[in-house]
Amino acid sequence: MFVNSAREKVLHFSKSSSLACEEDIAKVTAMARKELWVAKNKELATIEQSCTTDQNSKANSSASLKKDFKFFVNNIFGSIGALLELGLYSFVSMENSLVEDIERKFDRSDTIWYREEVRVMMAEITKKHFKSIVRIAKSQMLGFSGTETEKILKFSSSKVLKLIEVLKKKGFELGMLQNSGDTEMRCIVFVERKITSLALQYLIWKLKLPTVVDVGYAYSANADRNVKDPREREEVNKEKHRMKETLRKFRTGAINVLVSTSVVEEGIDIPSCNLVIKFDFPQTFRSYIQSKGRARKKCSQYVLMVEEMDKDSEKQYMEWLEVYKMSMQECHSKKFVEVEPDEQDGEFYSTTEARLSGTQAMVLLHQYLQKIPVDRFTRLTPAWTIKKTGDDNQAKLYAGLGLLPPPSGYLASVQLPHKTPLHIPVDGKVKARKEWAKRSAALEVVRLLHQRGELDNALKVKKREYVKEEDSDDEEETEEGSRGNRSFYRQTLPPCMETKSSGPFYLHCVELKLVKPLTNPRYILHRPQHDPHCLGLLTSTPLPSIGPLELFGPSGLVLADISCKQKISSLSTQQMLLLTHFHRYIFSTCLGLTDLLDCLDLPGPLLVPVLRGQVGHSDKIDLELCQKILRHSQQYSDSPTKVNTRAISTKSRVDKFYQDLVLYPLFLTTAGPSHFFVEEISSDLTASSLMVGMGMTFKEFYQVHHQMSVEDTKQPLLRISSACRQLYMLAEGGEPVCDGKARTHRSYRLPELMGVEPVAAGLWKQAQMIPWVLHRVSSLMAALPLTQGWERKKLSLGVEERADQDQLMQLMISSQHNTVCSPSPGQMVQALTLAAAGDRWDMERMEILGDAFLKFSTTIFLYYKMSSSSDEGDLSLARSRIVGNKNLFHIALTLGLATCGIVSTRMDPADTWTPPGYQSSAMKEGVTVEEKVVELDRRMTGWGVGDIRSWINKDDLKKLMIGDISGDELIVLARERRKELKVQGIKLRDFRLVSDKAQADCVEAMIGCYLLHCGMENCLGFMAKIGINLSSSSEVEEVKERKQSEERLSLHSPQQDAFCSVHAREEKDKFLHLLGKLGVDQIEKITGYTFKEKSFLLQAFTHPSYGDNRLTDSYEKLEFLGDAVLDYLVTCYIYTSTEADPGRLTDIRSALVCNNMFAKLLTDIKLDQFILHCTPGIYCKIRDYLEDKWYDETQAVDEVVDKALKQINEDDLPELDMVEVPKVLGDVFEALFGGIYLDSGHNLEVVWTVYRRLCPNLDQVVSNPPINIKKQLLEKFPTVGSVVFSRATQEVGGTVTVTVEVPWVEGRKKFKGRGRS
């Protein structure tokens, strides 16, 4: 017999008499359920009536509430009912366990979507009524004075008593175990609920039965657990380890009774079990069979417990028993097959961890082939050849020569298919039987596969890792390297811009020049080149000359040039104090940028005033002006400098002296600018003039509203303009122009009531441009270390003119050395500027170019380093680890791009920029305000990184700084505002929020920048320096470890041929035969390229199913190579031939470099006829594809969609089976170009020439890229919600069906589509 069938019996137990307290407990339970129901429904109504919550949030809230309600009603009160069925003893003993369940639910840290107080209320209701039930149950047991055993027997149900009886007798037949020779009982008691298993385990343990050595329990570790919660996960792991230990003890006999849920019914091997008790009647036939199957030991018993008079269960059992008997008869009726004995010579293959026989080797060989990834048309099978060796005549001949004859018998040889590392037949040893010979060959294959690393030391097929597609648009993805994974980074200035306390110092003058004045300016034009002063930067390191930098100021286009004027050996302490005070005066009083900022001891770089030198004299720092500013600050409130009203007359309204004043009101104002420029002296308005629309004179106005008396009523008024304008100066378009409107009284001020700043208006206006200058300078200095040879050259930054298309294309695909070894820092700044910065340039186009080159160069490197020992899956995985965002992100971290380099935010001096020498204000606890905000943001569980900024304001930060509000209180406030949708909003100045993906993109953009300006070889040299060393002398692991190298780059020598072994290279006749079958001459004529080494062409057209070609590999590795080559060439072309934005650039690239396009090109020139394969499925797919070329991608959107819709005339739901584009077509096309690349000696120009010949419509596609059908349909019906797709449903055979509904003439109409995905 094949199956050990357990003896089984149904044991009946009497129905337990009703408990005296049963009615009271039922009333309490009903009351609890009612209160929970009311609480749930009330909260559901609140959720539905909420006006501030969207539908998705309402659904989440309702689902969360119902889930918790179900827990309290079913899990807790359902468990109470189950325990009462066991008896009062079990219920009371499990009191603590149920309380722990309630508390764990109450304290659980997972997110809830409804009000927290409602969950608290439901927990309190549950605990309150649970205590009442416990009190009732315990009252029934009061006064009992017997032993623990007597207590159990008195307060347990008849079902439990029957179980105890069975355990005492070791089953339903007392002598059955003794007759089997096994006196030890190993029993599993199967129950439905976890709480039942705990209660019975405790009860049996307390009884101390003589037949029970020890008792354990088992249940699903994941039951009622939130495995996403780290704390819950830890509990799950602990429970799994505990259950594993329990099962180990059960197998060894340390535990001989196991009370378990269905967790051990299936999948867990317990061969020592000889008694199974199904305490709760099985719910399904499967459960019956699985539980019965646990009693597999000889003479084992299976007990099914059924209540007396339960006819339904009895009937169900009899039906299951009949089905079981029929299946057993069928199994036993099978003819006995004699098993051939294993080989007798004891041939094995052993490692330090495993030992394999020939039979096992045969199985392992097939397992290995099955796990190799192939398309669905390919089935990898070994080819066996068995020859008889030696005979009697040969033996006689050897004996006559006095030699030992060769062994006679059978010699097996096995040829493995494509996609394996063994390319030649593998022979085994001569064996007496054919089957033994095959096993010997299989053992030899195992040995070779183990040596090649295909099998591990345990002789298991190594698990393959698969490439995970990166979804760069997924904001919710938080894996390292993704767009959704973002962090705050503290911003730092480049080290070369620091100023140390001791000399020497280097003075750099910031020369500003108005070169393109506005034609219709609103204010007086300011020509900074005519000012007697300019501003300077004092640093401890000489900076390169910089300029021109374009700024778009209030007067027009201004060019800024920065140059080092002189070296200053030292400065006295007093001089440093004066200069530091000037620096702080500019950024605080003049620019007003120091709100919520603290000044540092020594700014860097230090902003200083420079007095322009006269002819023959050099510029110098104006310490007198610094002294003047210091005196002004000291006497600001006591004796401010006032305007001399007596000297003002209407004749002097154009006097330059007054126009160079910066004024401020001598009275307190709550709104409006704090400082003003003088535009002109009014010729008709005085202090006694009437204010239009106010009904009073200017003198009366100031007396009434500001309590300021005016002495000189005849003084002319000054027309002023704000000296606190915030203008974006990095792009044109925001400059103030004259609107022609008449000026109101708000544009005039009384000179008598105005104070004068010690700084001239010209220098003040220059200072307003300094933040923008420093922003550009710091960007250039951060980019400087990423370039070569620019330390002594003049640096500039601006929009560059586009180079000639053909020259640029030639530069990027030519292998010739380029004399330009590095881009300029200005060009590198563009590669480090994100689109979110809103500048005149960004890195996105360069990133696309860098991405393509990185993929291409990495592919070449891996092809030569790994191709001989790996398949295309291994190559793709290795490439993904090098070019993936995670790796590039770590490179960016090493370079420190996010802290000093990447321009990630729109420049705003007042909100997103910290002046040099300042940092966020300090708090009492020792951290800065912004550091505290970042810390609080990390504590916002369930929120996105940086979200807290949207729900707090500057007033909150000020309170946080002075201690009026704590961090915890601010968190509560932010949560309340978010709940009430009261959006606030702050921006951080010391920190930038940058995603991992953005940093990875910048690394690709830098690569693109080097490629664009310096060519491929210099770009590879830069990549090696940042940790992507693809030199032929480098190793794959070194590249994965991001090992940087300054060594001279050595390129890979081109592969000579495609033969897979020396043996294959020598089979000339076979090679010529295969070339003849391929049709080499015709292929070369069609492509216009003649292969110097034909083996590349043979490999490119060999499908894995084609077993006749054992001289080369199949096309996959060439396809891996050709894909990267074509992707790079096409990307270079569309980059140079169009000014398209990055989104359209990606669309064009996707349209040209895809399987559909390549399949179309291959079939257009009829190269599909030459593919070598042995699979009818491929032929059928290609035929269907060629017959179904109904969709012309070059047609206009309306024509394509209208044509499809007009073909529908029937009333039935129209259906369309989408014919699949065979992947083999695109793969062969890519492999062909991979072969051309190798055969031409890595000549990209040759490859590009052939591609242009085979893709004549390239320019047409670039100018008008095709749109996929779904996108066309959405464009046909652009109204939101007019196109509705159903969920995909899978039919028999794997076909996927989707229905789409669109507007129709008479309402709406549905269409159905079918495909494989």
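Residues numbered from 1 in each chain as written. Predicted model: local features only at pLDDT ≥ 70, side-chain atom pairs only at ≥ 80, totals over all residues. Heavy atoms only, no water.

(A) The arrangement of the overall build of the protein in detail. When helices and strands are counted, the protein shows 43 helices and 34 strands. When the accessible area of the protein is evaluated, it comes to approximately 64,600 Å², of which 50% is carbon and sulfur surface. (Helix = DSSP H or I, 4+ residues; strand = E, 2+ residues; numbered from the N terminus. Areas by Shrake-Rupley, 256 points an atom, 1.4 Å probe, with all protein chains shown as cover.)

(B) Local environment of the pattern of salt bridges. Tallied over the full model, the rule gives 49 salt bridges. Taking the shortest distance from any N to any O, the salt bridge between R719 and E680 comes out at 3.0 Å. Taken together, the residues R719 in strand β24 (residues 716-722) and E680 in strand β21 (residues 676-686) connect sequence positions 39 residues apart. Exposure remark for R719: the relative accessible area of 15% places this residue in the buried category. You can call E680 partly exposed: its relative accessible area is 28%. (Salt bridge = Lys/Arg side-chain N within 4 Å of Asp/Glu carboxyl O. Buried < 20%, exposed > 50% of the residue type's maximum accessible area, 1.4 Å probe, protein only.)

(C) Main features of the sheet that holds strand β26 (residues 754-756). Reading across from one edge, β25-β24-β21-β20-β26 is the order of the 5 strands in this open sheet, with antiparallel pairing throughout. Lying at the two open borders of the sheet, with one neighbouring strand each, are β25 (748-749) and β26. With 3 bridges joining them, strand β20 (residues 662-665) and β26 adopt antiparallel strand pairing. Paired with L663 across the bridge in β26 is V756. (Pairing = 2+ DSSP bridges.)

(D) Looking closely at the packing of helix α23 (residues 844-866) against helix α36 (residues 1142-1152). Viewed as axis vectors pointing N to C, α23 and α36 meet at an angle of 30 degrees, and their least axial separation amounts to 9 Å. Compared by their axis directions, α23 and α36 come out roughly parallel. Crossing angle aside, the handedness with which α23 passes α36 is right-handed. On α36, the residues that touch E844, R845, I848, D851 and A852 of α23 are P1142, L1145, T1146 and R1149. Considered class by class, the residues forming the contact of α23 with α36 number 4 nonpolar, 1 polar and 4 charged. (Axes fitted to C-alpha atoms, helices over the stretch in contact; angles between N-to-C directions. Parallel < 35°, antiparallel > 145°, perpendicular 65-115°, else oblique. Left-handed = near helix turned anticlockwise from the far one by under 90°. Contact = heavy atoms within 4.5 Å. Nonpolar A, V, L, I, M, F, W, Y, C, P; charged D, E, K, R; others polar.)

(E) Structural context of the sheet that holds strand β11 (residues 426-427). Reading across the sheet, the 3 strands line up as β9-β10-β11 and stay open at both edges, with antiparallel pairing between neighbours. Two strands close off the open sheet at either side, each with one partner strand: β9 (383-389) and β11. Note: β9 against strand β10 (residues 409-415), 7 bridges, orientation antiparallel. Within β10, the residue paired with A383 across the bridge is Q415. Of the strands in this sheet, β9, β10 and β11 are in contact with helix α15 (residues 434-451), which crosses β10 at around 40 degrees.

(F) Representation of the state of the cysteines in the model. The final tally for this structure, using the stated rule, is 0 disulfides. Just so you know, C187 is unpaired, no disulfide at all, and the nearest cysteine sulfur is the one on C273, 6.8 Å from it. C187 gets classed as buried once you look at its relative accessible area, which sits at 0%. (Disulfide = S-S within 2.5 Å.)

(G) Broad picture of unusual backbone geometry. Residue P504 is bonded to the preceding G503 through a cis peptide linkage, with omega at 0 degrees. By the secondary structure assignment, P504 is in the loop between β12 (486-490) and β13 (505-517). Cis geometry marks the peptide bond from G547 to P548, where omega comes out at -5 degrees. A positive phi angle is found at K419, which is not glycine, with a value near 75 degrees. Its identity is not glycine, yet R1042 carries a phi of approximately 60 degrees, on the positive side. Its relative accessible area of 29% is what places R1042 among the partly exposed residues.

(H) Structural view of the pairing of β13. Bridge count for β13 against strand β16 (residues 556-568) is 12 bridges, and the pairing is antiparallel. In the sheet register, V510 faces β16, and the bridge partner there is I562.

(I) Molecular detail of the packing of helix α25 (residues 885-895) against helix α29 (residues 996-1026). Across the interface, α25 lies against α29 with an axial gap of 8 Å and an inter-helix angle of 80 degrees. Taken together, the axes of α25 and α29 lie roughly perpendicular to each other. Between α25 and α29, the contacting residues are N885, L888, F889, I891, A892, L893 and L895 on the first element and D996, K997, Q999, A1000, D1001, V1003, E1004, M1006 and I1026 on the second.

(J) Region of interest: helix α33 (residues 1080-1087). Those residues of α33 that fall on the buried side of the exposure criterion are V1080, I1083, E1084 and T1087. Considered in projection along α33, the buried side chains sweep an arc of 95 degrees and stay on one side of the axis. Facing away from the buried surface of α33 by more than 90 degrees, the exposed residues are D1081 and K1085. After α33 finishes, the residue G1088 shows a positive phi value of roughly 75 degrees. (Arc of directions from axis to C-beta.)

(K) Local environment of the packing of aromatic side chains. Enumeration according to the criterion identifies 30 aromatic pairs in this entry. Considering the side-chain rings of W37 and F69, the 5.7 Å spacing of their centres and the 70 degrees angle between planes classify their relative orientation as edge-to-face. Taken together, the residues span a long stretch of sequence, with W37 in helix α1 (residues 22-49) and F69 in helix α2 (residues 55-86) at a distance of 32 residues. Judged by relative accessible area, which is 10%, F69 ranks as buried. Judged by centre distance (6.3 Å) and plane angle (55 degrees), the rings of F285 and W320 are tilted. In this pair, F285 is assigned in helix α11 (residues 285-293) and W320 in helix α12 (residues 311-332), connecting sequence segments 35 residues apart. The exposure class of F285 is partly exposed, given its relative accessible area of 29%. Linked through ring pairs, F281, F285, Y288, Y302, Y317 and W320 together constitute an aromatic cluster. Looking at K765, its charged tip hangs above the ring of F677, at a distance of 4.6 Å from the centre. (Phe/Tyr/Trp six-rings, centres within 6.5 Å; stacked < 30°, edge-to-face > 60°. Lys NZ or Arg CZ within 6 Å of the ring centre and 35° of its normal.)

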